[in-house]
Amino acid sequence: IFNKDLGQHILKNPLVVNGIVDKAGIKPSDTVLEVGPGTGNLTVRILEQAKKVVACEMDPRLAAELTKRVQSTPYQRKLEILHGDVIKKDLPHFDLCISNTPYQISSPLVFKLLLHRPFFRSALLMFQREFAMRLVAPPGDKLYCRLSVNVQLYAKVTHVMKVGRNNFKPPPKVESSVVRLEPYNPPPPVDFAEWDGLMRIVFSRKNKTLMGNFKTTPVLTMLEQNYKTYCAANDLMVDDSLDIKAKVLELLQSVDMAEARANKLSIDDFLKLLYTFNQAGLHFC
Ligand code: SAM
């Protein structure tokens, strides 16, 4: 009866349901966005504490079941159901997000939430354990990757609790974890396209040194091209004698990172690196 393609794994353990709702820190004045309410096990608990719940559900059958579940209860008027794919929807203002997330949309959901404005206070999200551990991984951890830094750039991410697969019906193949995202407001003043361009290079082979990743022909060609475009766009003289490889090495050495490896560097290190390159007219997009 449950649709695997939609990641339908219903939380059947009330202790876990209550645990998630307790950890969310709902205030009576809060509007809560719930992604994928399913049959509503979390929803009814959230409704007890929040001012309003906006629940986005893709499966019309489950949306109907949830509507029925709150019908002629005091919670009916506090619940608004959005039908359809949360990734494609314009989301209303909300204070908190709570979701036992359909795992197929983990990554797009995280980025959709981080780009959402106005800012929300926090999001409590259930993910596959490995995805969750990537989100929270610190520098040096073997799961530390581009996803970790892209998310940690915009939000404080913490691991809240582990949830075993047998708390779900049907049980998913892997274990799960709940994480909390608290967006930094204001966000760091970085151009994400620049940041992402740099991260793609330094994490392309994350156990290599930064110079090792920078000195490939495609990377150097791209940097040189961007340099010329940047000069042209800003009425600057192109330095024709520029040896791009030597310049890159010089910049990396100036911040003592030529021999560093991305998997050991912090967000602050990467911000410093990006700033150094940009100051020298080198751009990643
Ligand atoms: N919240 C319920 C619970 O904890 O028991 C169900 C969680 S189940 C893991 C995920 C739910 O998200 C399912 O109800 C599924 O139909 C819904 N869903 C899947 N993809 C979706 C999408 N793109 N947008 C909105 N809902 C989606």
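Below, the structure is looked at part by part. Note that the coordinates shown come from a computational prediction; the quantities given were computed from them, not determined experimentally.

Topic: the sheet that holds strand β5 (residues 96–100)
Alright, step 1. One open sheet holds the seven strands; their spatial order is β4-β3-β2-β5-β6-β9-β7, and the pairing between them is mixed. Only two strands of the sheet have a single neighbouring strand rather than two, namely β4 (79–83) and β7 (155–163). This sheet shows a mean twist of 20° between the axes of neighbouring strands, independent of strand direction.
Alright, step 2. The pairing of strand β2 (residues 31–35) with strand β3 (residues 52–57) spans five bridges and is parallel. Within β3, the residue paired with Thr 31 across the bridge is Lys 52.
Alright, step 3. Contacting β5, β6 (122–128), β7 and β9 (176–183), helix α1 (residues 14–23) runs over the sheet at an angle of about 160° to β7.

Comments concerning the packing of helix α4 (residues 106–115) against helix α6 (residues 146–154)
Alright, step 1. Between α4 and α6, the shortest axis-to-axis distance is 10 Å and the interhelical angle comes to 25°. In terms of their interaxial angle, α4 and α6 are classed as roughly parallel. You can see that α4 and α6 cross each other, and the crossing is left-handed. Contact with α4, carried on its side by Ser 107, Val 110, Phe 111 and Leu 114, involves Leu 147, Asn 150, Val 151 and Tyr 154 of α6 and no other residues of that element.

Some details on the nonpolar core
Alright, step 1. Ranked by size, the top nonpolar core spans 68 residues in total, and within it Val 202, Phe 214, Val 248 and Phe 270 carry the most contacts.
Alright, step 2. Core analysis: the second largest hydrophobic core is formed by 30 residues, Ile 46, Val 70, Leu 96 and Met 161 among them.

A short note on the site of the ligand
Alright, step 1. With respect to spatial proximity, 22 residues lie near the ligand, and among them Gln 8, Leu 11, Gly 36, Glu 57 and Asn 100 are the closest.
Alright, step 2. Within the side chain of Asp 85, one N or O atom sits 2.9 Å away from a nitrogen atom of the ligand.
Alright, step 3. With the chains in place, 98% of the 590 Å² that the ligand exposes on its own is no longer accessible.
Alright, step 4. Its atoms largely coinciding with the cavity grid, the ligand occupies the largest pocket.
Alright, step 5. The set of elements that each furnish at least two residues to the shell around the ligand consists of β1 (10–11) and β3.
Alright, step 6. Split into classes, the residues belonging to the shell around the ligand amount to eleven nonpolar, seven polar and four charged.

Digging into the side chain of Asn 167
Alright, step 1. Inspection of the secondary structure assignment puts Asn 167 in the loop between β7 and β8 (168–169).
Alright, step 2. On the basis of relative accessibility, which here comes to 15%, the residue Asn 167 falls in the buried class.
Alright, step 3. Contacts of Asn 167, omitting those with residues within four sequence positions, involve Ile 10, Leu 11, Lys 12, Asn 13 and Val 16.

What about the layout of surface pockets?
Alright, step 1. Its boundaries defined by the atoms lining it, the largest pocket holds a volume of some 460 Å³.
Alright, step 2. Leu 6, Gly 36, Glu 57, Asn 100 and Pro 102 are the residues nearest the centre of the largest pocket, which is lined by 29 residues in total.
Alright, step 3. Elements represented by at least two residues in the lining of the largest pocket include exactly β1, β2, α2 (41–49) and β3.
Alright, step 4. Space inside the second largest pocket adds up to approximately 180 Å³.
Alright, step 5. Forming the walls of the second largest pocket are Lys 4, Gly 7, His 9, Tyr 103, Gln 104, Gln 128, Pro 171, Pro 172, Lys 173 and Val 174.

Each value, and the rule that gives it
- Counting of residues starts from 1 at the beginning of each chain's written sequence and follows it residue by residue.
- Per-residue local features are limited, in this predicted model, to residues with pLDDT of at least 70; the limit for side-chain atom pairs, both in listing and counting, is 80 or more; totals at the level of whole chains, interfaces and linings are taken over all residues.
- As a rule here, side-chain values come from all non-hydrogen atoms in the structure, and water together with hydrogens is ignored.
- Between any two strands, pairing holds if DSSP finds at least two bridges.
- Secondary structure elements follow DSSP: runs of H or I no shorter than four residues count as helices, runs of E no shorter than two count as strands, and numbering proceeds from the N terminus.
- In this analysis, axes come from line fits to C-alpha atoms, helices being fitted only over the stretch in contact, and the angle between any two N-to-C directions falls in the range 0 to 180 degrees.
- The contact criterion used throughout is that any non-hydrogen atoms of two residues lie within 4.5 Å.
- When describing relative orientation, an angle under 35 degrees is termed roughly parallel and one over 145 degrees roughly antiparallel, while 65 to 115 degrees is termed roughly perpendicular and anything else oblique.
- Less than a right angle of anticlockwise turn of the near helix away from the far helix marks a crossing as left-handed, whereas a clockwise turn marks it as right-handed.
- We call a set of buried Ala, Val, Leu, Ile, Met, Phe, Trp, Tyr and Cys residues a nonpolar core when their side-chain atoms join them within 4.5 Å.
- Any residue under 20% of the maximum accessible area for its type is buried, any over 50% is exposed, and the rest in between are partly exposed; the area is computed with a 1.4 Å probe on protein chains only.
- Throughout, the term near means that a residue has one or more heavy atoms lying within 4 Å of the molecule or strand in question.
- Side-chain atoms alone can form a polar contact between residues adjacent in sequence; in general such a contact is a pair of N or O atoms within 3.5 Å, and within protein one must be able to donate a hydrogen while the other accepts it.
- What sets the accessible areas is the Shrake-Rupley method with a 1.4 Å probe; for residues, cover comes only from the shown protein chains.
- Only protein atoms enter the calculation, which uses a 1 Å grid: trapped sets of points that fit a 1.4 Å probe without letting it out are cavities, open sets showing protein on both sides within 12 Å along at least five of seven lines are pockets, and any residue with an atom within 4 Å of a point is a lining residue.
- Being in a pocket or cavity means that more than half of the molecule's atoms lie within 2 Å of its grid points.
- Polar here means any residue outside two lists: the nonpolar Ala, Val, Leu, Ile, Met, Phe, Trp, Tyr, Cys and Pro, and the charged Asp, Glu, Lys and Arg; Gly therefore counts as polar.
- Grid points are joined across faces, edges and corners, and a volume is the space filled by probe spheres set on the points.

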